[in-house]
Amino acid sequence: MDEPRTNRASVAFGLFFVVAGIAFLLDRLDVWDVRARYLLPALLIAAGVAVLVGGKRGP
Amino acid sequence: MTQAIPPQQPSPRPGRFVLGGLLIVFGAGWFLETVSDVDVPWSVLLPSLLIIMGLALVVGARSGRRQPGFVALGIALTVILALGSGFDVTFGGGVGRRVEEPTTPAQVGREYQLGVGDLTIDLTEALRDAEGSRELSAKVGIGQLTVLVPEHVGVRVEGKAGMGQVTVLEEQRGGVGVEDTFVSRGYGSATATLDMELEVGIGQVVVRNG
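Conventions and cut-offs
- Residues numbered from 1 in each chain as written.
- Chains lettered and ligands numbered in written order.
- Predicted model: local features only at pLDDT ≥ 70, side-chain atom pairs only at ≥ 80, totals over all residues.
- Helix = DSSP H or I, 4+ residues; strand = E, 2+ residues; numbered from the N terminus.
- Buried ≥ 20, exposed ≤ 12 C-beta atoms within 10 Å, placed from the backbone.
- Contact = placed C-beta atoms within 7 Å.
- Nonpolar A, V, L, I, M, F, W, Y, C, P; charged D, E, K, R; others polar.
- Expected span 1.5 Å × (residues − 1).
- Pairing = 2+ DSSP bridges.
- Axes fitted to C-alpha atoms, helices over the stretch in contact; angles between N-to-C directions.
- pLDDT = per-residue confidence, 0-100.
- Parallel < 35°, antiparallel > 145°, perpendicular 65-115°, else oblique.
- Left-handed = near helix turned anticlockwise from the far one by under 90°.

1. Topic: the overall build of chain B
Part 1 of the argument: Of the regular secondary structure elements, chain B holds three helices and six strands.
Part 2 of the argument: In chain B, the order of α-helices and β-strands from amino to carboxyl end is α-α-α-β-β-β-β-β-β.
Part 3 of the argument: Every one of the 210 residues in chain B was classed for burial, and the buried ones make up 38%.
Part 4 of the argument: Put simply, 69% of the contacts in chain B that link residues at least 6 apart link residues at least 24 apart.

Next comes the structure, spelled out in C-alpha cells:
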C-alpha cells in the first residue's frame, strides 16, 4: 500500500507559524523587540517561501 | 479460505484535536476573566498557541491531508499578533466592555488596562468638587478608551494610538503611530487638573466632558 505523501504546504505553514510564534513570544517576554518595519517584510518573505515550498511537487 | 479484510479506521486528525483544544483554552480563559479576578496571560499564551498550531500542522502534514481551516486560523492569529507587536498592543487586562466609576478623588490615581474591548473611565462623580492635581494612566490593546471628566477640570493628555484616533475635547489626531500632547483651554488657571497618559494599540482614545 502506498504511503500517504507529506503535504508540503502544511509543513511550510506549520514551520512558518512555529517561527512566527517564537518571534512573538520573544517580543512579549522583552527578549527581542519585534517592530512593524522588520515584521511586515519578514512576513512577506515567509509567505513567499511558504507558497514556493507548498507548490513544489514531490519526487 | 478467504480472509475478511477489516474496515480501515480513519486516522486521527491532529489538526482537529488542536483546534478543539484551542477553542477550549480560549473559552476557558475568557470565562475565567469574566467570572473572577484572574488575569489570563494572553500576551504569552497566544504566541504559545501559534507554536503549538505550527507543530500540529507539521505533524499532521505526514498524513497528506490538507488542512485549510487550520491554516486560516493560524494566519488570523499571526495577523493579530503582528498587529499587536507592531503597534505595541497589550493583551493584558482582560476582554470585553468595562466601565470604571471611581467615587472619590483618592480612587482616581491608578493604572487602568484592558486587552480587547471598550474601557470607559467615568470621573464625573469622583472629581465633581475636586481641587489640586492628579495623574492617571490607561491602556487598551484593541478597542476604545473613553475618559469622562467634569468641565471645571483642566486636562493634559499624552495620547498615543498605534493605529487609530485620539480625540481630546475639540482636538483630534488620527492615523498610524499617533503620539501627541493635548492641553485643554484653561489648564493653567484651573483649580483642579488631571494629567493623563492614554494609549490604545488599535482603536480610539476619547476624552470628553461628562
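2. Here's the deal with the overall build of chain A
Part 1 of the argument: Secondary structure summary: chain A contains two helices and zero strands in total.
Part 2 of the argument: Expressed as a percentage of the 59 residues in chain A, the buried residues total 29%.

3. As for the interface of chain B and chain A
Part 1 of the argument: With 27 residues of chain B in contact, the opposing surface of chain A contributes 24 residues.
Part 2 of the argument: If you list the elements that add at least two residues to the side of chain B that touches chain A, you get helix H2 (42-60) and helix H3 (68-86) of chain B.
Part 3 of the argument: Ranked by residue count, the leading element in the side of chain B that touches chain A is H2 of chain B, at 12 residues.
Part 4 of the argument: Its residues assigned to classes, the side of chain B that touches chain A shows 13 nonpolar, 11 polar and three charged.

4. Focus: helix H1 (residues 8-28) of chain A
In an α-helix, one full turn covers 3.6 residues, which means residues spaced three or four apart are oriented alike.
All names here are of chain A.
Part 1 of the argument: A rise of 1.5 Å per residue sets the reference length of H1, with its 21 residues, at 30 Å; its end C-alpha atoms lie 30 Å apart and thus fit the reference within 8%.
Part 2 of the argument: Of all 21 residues that make up H1, 15 are buried, and the element is covered over most of its length.
Part 3 of the argument: Count one or two residues on from H1 and you reach Asp 30, which has phi positive near 60°.

5. Quick word on unusual backbone geometry
Residues and elements named next belong to chain B.
Part 1 of the argument: The phi torsion at Leu 169 lies on the positive side, around 55°, for a residue other than glycine.
Part 2 of the argument: In this structure, Leu 169 sits in the loop between strand E4 (153-168) and strand E5 (171-183).
Part 3 of the argument: Classification of Leu 169 by C-beta neighbours within 10 Å gives partly exposed; the count is 17.

6. Some words on the environment of Leu 73 of chain B
Part 1 of the argument: Mapped onto the fold, Leu 73 of chain B is located in helix H3.
Part 2 of the argument: Note: C-alpha distance between Leu 73 of chain B and Met 53 of chain B (20 residues apart in sequence) is 9.0 Å.

7. Focus: the pairing of E5 of chain B
Side-chain positions along a regular strand alternate between the two faces of the sheet.
Residues and elements named next belong to chain B.
Part 1 of the argument: For E4 and E5, the ladder comprises 12 bridges, and the chain directions are antiparallel. Bridging across to E5, Gly 159 finds its partner in Asp 180.
Part 2 of the argument: Between the end of E4 and the start of E5, which pair antiparallel, lie two residues, with Leu 169 showing a positive phi angle near 55°.

8. As for the sheet that holds E5 of chain B
Residue and element names in this part refer to chain B.
Part 1 of the argument: Spatially, six strands are ordered E1-E2-E3-E6-E4-E5 in an open sheet, and the strand pairing comes out mixed. Of all strands in the sheet, those bounded by a partner on one side alone are strand E1 (95-100) and E5. This sheet shows a mean twist of 10° between the axes of neighbouring strands, independent of strand direction.

9. Some points on the environment of Ala 106 of chain B
Part 1 of the argument: As for its placement among the helices and strands, Ala 106 of chain B is situated in the loop between E1 and strand E2 (111-122).
Part 2 of the argument: As a C-alpha pair, Ala 106 of chain B and Leu 127 of chain B span 21 residues in sequence and 9.6 Å in three-dimensional space.

10. What to know about the confidence of the model for chain B
All names here are of chain B.
Part 1 of the argument: Averaged over chain B, the pLDDT score is 82; the fraction of residues at 70 or greater is 88%.
Part 2 of the argument: Summarising per-element confidence for chain B, the mean pLDDT is lowest in helix H1 (residues 14-35) (75) and highest in strand E6 (residues 192-209) (92).
Part 3 of the argument: Quick note on the complex model: pTM equals 0.58, ipTM equals 0.74.

11. As for the environment of Gly 203 of chain B
Residue and element names in this part refer to chain B.
Part 1 of the argument: Residue position: Gly 203 is located in strand E6.
Part 2 of the argument: A residue is classified by how many C-beta atoms lie within 10 Å of it, and Gly 203, with 22 of them, is buried.
Part 3 of the argument: Not counting residues within four places of it along the chain, the set of residues in contact with Gly 203 comprises Val 140, Ile 142, Gly 143, Gln 144 and Gly 164.

12. Some thoughts on the packing of H1 of chain A against H2 of chain B
Part 1 of the argument: At a minimum axis separation of 7 Å, H1 of chain A and H2 of chain B run at an interaxial angle of 160°. Between H1 of chain A and H2 of chain B, the angle is such that the two are roughly antiparallel. Crossing of H1 of chain A against H2 of chain B: the hand is left-handed.
Part 2 of the argument: Along the lines of polarity and charge, the residues of the contact of H1 of chain A with H2 of chain B split into 17 nonpolar, seven polar and one charged.

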